[in-house]
Amino acid sequence: MPLPPASPPPLRPGAVIHGPGSYGVDALLDGFTAELKRRGFRVGGLVQRNHGPGDDCAERMELVDVATGRAYDITQRLGRESQSCRVDPTGVAEASQAIRDAVAANVDLLVVNKFAGLESHGDGLSDEMLTAIAEGIPLLTSVGSRYLNEWQTATGGFCDLLSPTADALWRWWGPQRMYPDLVQGVADAEVRRVVTGDKWVLVETAEGLGVAARQAPAADDAPGRWAGRSLRDLAAMAAQSWDPLEMAVGVAALNAHYNRPDVAGIPGNGLDLFASVEGRVVVVGGFPQVARRMPRAQVIDMTPQEGEHPEAACDWLLPGAEAVAVTASAFANRTLPRLLRVSAGARVAMIGPGTPLTPRLFDYGVDVLAGFVATDREAVVRTIVGGGGSRDFHPHGRMVTLHRPPHS
């Protein structure tokens, strides 16, 4: 019986906590939601933008509909002679329609710029926010520290409190969402061929060829199983299917898009990245010659050899590590999200021919990507058809390494 499609776990409401003044938080939420929207996620709700000075006020405030870009002026002047202003409840009420529309559309993320004075008294956008939470729609907002008790009361404590940093927002969003993220970046191209060997699979288009290791022994592969399916359709299996062969083909489809010949990066296989690290280095997965290249590393493997640790050691060795290297198989079999959570604070590298070479992965906690780009496609095809492994097709391509920019 086929299993239901995989889907990221539900998100508790996220609240970015800040002190007096929220201009930095406004820009943080605005930038985060704009980036998710650019990547293809369906984002709705309202972000606040402040402009100053206005005609009568030292500052003009507006709420902007994330989905449509429509702006609602919410500035209310206090007195004829005063230049002091406050939030206009009428303007907020008008803008609230954007939230109701987003809830009706069942968006991937609803952003409501802040839970503040009006909301703390049950007014403003509080009803719309609580409705979204009740509907199970991921909600992201900001809460001033002075209103934290009111927010906790309104949500019954069912929320995640976040630091006002981009890294904190991406950790809340969750590494499981890297899979649909990568799928949404794939062009809907025509697939030339899919090859499933005993050890590796490949997907080829006119623009590139991607490979992935099989996660299970060879099984029946009905002729024509992949016929007529587009690249994006195949790639979606990397995010949705639980069938080991489909998952591998899905990752190979991702790599056919991202690991194209024109990808820019540094030559190298990534295994020497942490050779000079002074702190604890942990390697997850069986890398060839790892003992020679990183003699001080502690190795974790599902089938450990002498001197290696079993898979259960992840929860013991990864916390507090300075550097962690994981095989691309951890991405393909979907154990990578757990490894990233346990490795928080470490510099993480994903290494192997099945690694997708895309900066989209950097925001989810990966710092270095080392993957394979085919240069002689026909030779790679012959090798995989013949049951060869990565050592056999490596001479027919090049390993490329991408590093997370220091500012990201």
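Not measured: the values here are computed from a predicted model.

Let's talk about the sheet that holds strand E7 (residues 109-115)
- Read from one edge of the open sheet, 7 strands run E4-E3-E2-E7-E8-E1-E9, paired in mixed fashion. Strands at the two margins of the open sheet, each flanked by one partner only, are strand E4 (71-73) and strand E9 (160-162). Each neighbouring strand pair of the sheet contributes to a mean axis angle of 25°, computed without reference to strand direction.
- Across 6 bridges, strand E2 (residues 43-51) lies against strand E3 (residues 60-65) in antiparallel orientation. Its bridge partner lying in E3, Leu46 is registered against Asp65.

Quick look at the pattern of salt bridges
- The final tally for this structure, using the stated rule, is 21 salt bridges.
- A salt bridge links Lys114 to Asp26; the nearest nitrogen and oxygen atoms lie 3.9 Å apart. Taken as a pair, Lys114 in strand E7 and Asp26 in helix H1 (residues 23-38) lie far apart in primary sequence, 88 residues in all. Each member of the pair Lys114 and Asp26 is classed as buried.
- With a shortest N-O distance of 2.8 Å, Asp30 and Arg49 are connected by a salt bridge. Of the two residues, Asp30 sits in helix H1 while Arg49 sits in strand E2, which places them 19 residues apart along the sequence.
- Given the relative accessible area of 17%, Asp30 is considered buried.
- Since its relative accessible area comes to 35%, Arg49 is described here as partly exposed.
- Here the salt bridges share partners, and the residues they tie into one network are Glu35, Arg38, Arg39, Asp181, Arg360 and Asp363.

A look at the confidence of the model for the protein
- Across the protein, the average pLDDT comes to 90, with 92% of residues at 70 or higher.
- Confidence, expressed as mean pLDDT per element, reaches its minimum in the protein at strand E5 (residues 75-77) with 67 and its maximum at helix H7 (residues 178-184) with 98.

Digging into the nonpolar core
- Membership of the largest hydrophobic core comes to 76 residues, with the highest contact counts inside it found for Leu140, Trp173, Val203, Leu254, Phe331 and Leu336.
- Element by element, the count of residues in this core is highest for helix H10 (residues 244-258), at 9 residues.
- When near neighbours in sequence (up to four residues on either side) are disregarded, Phe331 contacts Met178, Tyr179, Leu182, Val251, Leu254, Leu336, Met350, Pro356 and Leu361.
- Listed in part, the 26 residues of the second largest apolar core include Leu46, Leu110, Ala116 and Met129.

Here's the deal with the sheet that holds strand E16 (residues 323-327)
- Taking strand neighbours across the sheet as the criterion, the 7 strands line up as E13-E19-E18-E17-E16-E14-E15 in an open arrangement whose pairing is mixed. Sheet topology places strand E13 (266-267) and strand E15 (298-300) at the edges, where each strand pairs with a single neighbour.
- When strand E18 (residues 368-374) meets strand E19 (residues 397-403), the two strands line up antiparallel, connected through 7 bridges. Looking at E19, one finds that Ala374 is bridged to Gly397.

Regarding the pairing of E2
- Pairing of E2 with E7 involves 4 bridges; the strand directions are parallel. What sits directly across from Gly45, in E7, is Val111.

Observations concerning helix H2 (residues 89-104)
- With 16 residues, H2 ought to run about 22 Å at 1.5 Å a step, and its terminal C-alpha atoms sit 23 Å apart, in line with that.
- The largest bend in H2 comes to about 25°, at Ala95.
- Of the positions making up H2, those classed as buried are Gly91, Val92, Ala95, Ser96, Ala98, Ile99, Ala102 and Val103.
- The first or second residue beyond H2 is Asn106, which carries a positive phi of 55°.

What about unusual backbone geometry?
- Phi is positive for Asn106, which is not a glycine, with a value near 55°.
- On the secondary structure map, Asn106 appears in the loop between H2 and E7.
- Positive phi, close to 70°, is recorded for Arg334, a residue that is not glycine.
- Looking at where Arg334 falls in the secondary structure, it is placed in the loop between helix H13 (329-332) and helix H14 (336-342).

Digging into the packing of aromatic side chains
- Under the definition given, this model contains 8 aromatic pairs.
- For the pair Phe32 and Trp170, a centre-to-centre distance of 5.1 Å together with 80° between the ring planes defines the contact as edge-to-face. Residue Phe32 is located in helix H1, and its partner Trp170 is located in helix H6 (residues 166-173); the two are separated by 138 residues in the primary sequence. Of the two residues, Phe32 and Trp170, both sit in the buried class.
- Relative to Phe393, the ring of Trp200 has its centre 5.1 Å away and its plane inclined at 85°; by these criteria the two rings are edge-to-face. Taken as a pair, Trp200 in strand E11 (residues 200-205) and Phe393 in helix H16 (residues 390-393) lie far apart in primary sequence, 193 residues in all.
- With relative accessibility at 0%, the residue Phe393 sits in the buried group.
- Across the ring face of Trp173, the terminal group of Arg177 is positioned such that the distance to the ring centre comes to 5.1 Å.
- We note Arg334 situated over the ring of Trp242; from NZ or CZ to the ring centre the distance is 4.6 Å.

Rules used throughout
- Numbering of residues begins from 1 in every chain and follows the order in which that chain's sequence is written.
- Restriction of local features to residues with pLDDT of at least 70 applies here, the model being predicted, together with a cutoff of 80 or more for giving and counting side-chain atom pairs; totals for whole chains, interfaces and linings are based on all residues.
- Note that the side-chain values use all heavy atoms of the structure and ignore hydrogens as well as water.
- By the convention used here, strands pair only if DSSP detects at least 2 bridges between them.
- Note on conventions: DSSP H or I runs of at least 4 residues are helices, E runs of at least 2 residues are strands, and numbering of each starts at the N terminus.
- As a rule, the C-alpha atoms of each element are fitted with a line to give its axis, helices using only the stretch in contact, and angles between N-to-C directions run from 0 to 180 degrees.
- The term salt bridge refers to a side-chain nitrogen of Lys or Arg lying within 4 Å of a carboxyl oxygen of Asp or Glu.
- Each residue's exposure class comes from its accessible area (1.4 Å probe, protein chains only) as a fraction of the maximum for that residue type: buried when under 20%, exposed when over 50%, partly exposed otherwise.
- Confidence per residue, as judged by the predictor, is encoded in pLDDT with a range of 0 to 100.
- Only buried residues count toward a nonpolar core, which is a set of Ala, Val, Leu, Ile, Met, Phe, Trp, Tyr and Cys residues joined through side-chain atoms within 4.5 Å.
- Note on definitions: a residue-residue contact is assigned when non-hydrogen atoms from the two residues lie within 4.5 Å.
- Given a helix with a known number of residues, its expected span is that number minus one, times 1.5 Å.
- To get the bend at a given residue, fit one axis to the seven residues ending there, fit another to the seven starting there, and take the angle between those axes.
- Any two rings among Phe, Tyr and Trp, with Trp reduced to its six-membered ring, count as a pair given centres within 6.5 Å; such a pair is stacked if its planes are under 30 degrees apart, edge-to-face if over 60, and tilted if neither.
- The rule is short: NZ of Lys or CZ of Arg within 6 Å of the ring centre and within 35 degrees of the ring normal puts a charge over the ring.

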